[in-house]
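Letter by letter, the chains look like this.
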Amino acid sequence: MELKLEEGLTHKEEIKVTEELTAKALSSGTMEVYATPAMIALMESVSKDSVKNYIEEGYTTVGIEINVKHIKASAIGSIVKGQCLLERVEGKRLYFKVEAFDEKGKIGEGTHIRYIVNEKEFLDRAYR
């Protein structure tokens, strides 16, 4: 497998906070504000999507580690932007800096590691 990934690659995505993405709805808390698990999912999605066009067909990435701080609440209706920076590539390991912002500023930050896997082999091992 040949990698065409370069450190410094960035990607951004945005979502609108809905009731389904609140801490109350996801059972991670009791209030109707943007849930930490939803923010983490956005950070993983942004990282995954940043590299998908650089990986050979039949391969994908899986998240293997995430370390984030959710530093500020976002209300229903807020627009949240997730972004990542590919800081380091070590073989099949991809190291990202991840951040999230709403209209008022930064709401989360951290690091995320993804690993490149062969989809078929990965699924075969998982279901064996």
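Residues numbered from 1 in each chain as written. Predicted model: local features only at pLDDT ≥ 70, side-chain atom pairs only at ≥ 80, totals over all residues. Heavy atoms only, no water.

Please provide a residue-by-residue account of the overall build of the protein, values included.
A tally of helices and strands in the protein yields two helices and five strands. Across the protein, helices and strands are ordered from the amino to the carboxyl terminus as β-α-β-β-β-β-α. Its C-alpha atoms give the protein principal-axis dimensions of about 45 × 35 × 20 Å. Across the 128 residues of the protein, 34% fall into the buried class. For the protein, the accessible area works out to roughly 7800 Å², and carbon and sulfur atoms hold 48% of it. (Helix = DSSP H or I, 4+ residues; strand = E, 2+ residues; numbered from the N terminus. Buried < 20%, exposed > 50% of the residue type's maximum accessible area, 1.4 Å probe, protein only. Areas by Shrake-Rupley, 256 points an atom, 1.4 Å probe, with all protein chains shown as cover.)

Pulling in residues and values, what's your account of the environment of Ala75?
Summarising the element assignment, Ala75 is placed in the loop between strand 2 (59–70) and strand 3 (79–90). Residue classification places Ala75 among the partly exposed residues on the basis of a relative accessible area of 44%. Put simply, Ala75 and Val17 are 58 residues apart on the chain and 7.1 Å apart in space, counted from C-alpha to C-alpha.

Just give me the short version of unusual backbone geometry, but keep the residues and values in it.
Residue Ser27 is not a glycine yet carries a positive backbone phi of 60°. Along the chain, Ser27 turns up in the loop between strand 1 (10–16) and helix 1 (36–51).

Run through the pairing of strand 4 (residues 93–102), naming residues and quoting values.
Within strand 4, seven of the 10 residues are buried, leaving the element largely enclosed by the surrounding structure. In this structure, strand 3 lies alongside strand 4, joined through nine bridges in antiparallel fashion. The partner of Gln83 across the bridge, within strand 4, is Glu99. Of the strand pairs in this sheet, strand 4 and strand 5 (residues 105–118) are connected by 10 bridges, and their pairing is antiparallel. Within strand 5, the residue paired with Val98 across the bridge is Gly110. In textbook terms, the turn of a hairpin is the stretch between consecutive antiparallel strands, and for strand 4 and strand 5 this stretch comprises two residues. (Pairing = 2+ DSSP bridges.)

If you had to explain the sheet that holds strand 3 to someone new, which residues and values would you point to?
Ordered in space as 1-3-4-5-2, the five strands form an open sheet in which the pairing is antiparallel. Two strands bound the open sheet, and with one partner strand each, they are strand 1 and strand 2. Ignoring strand direction, the axes of neighbouring strands in this sheet form an average angle of 25°. Here helix 2 (residues 119–127) sits on the sheet in contact with strand 2 and strand 5, set at roughly 90° to strand 5. (Axes fitted to C-alpha atoms, helices over the stretch in contact; angles between N-to-C directions. Contact = heavy atoms within 4.5 Å.)

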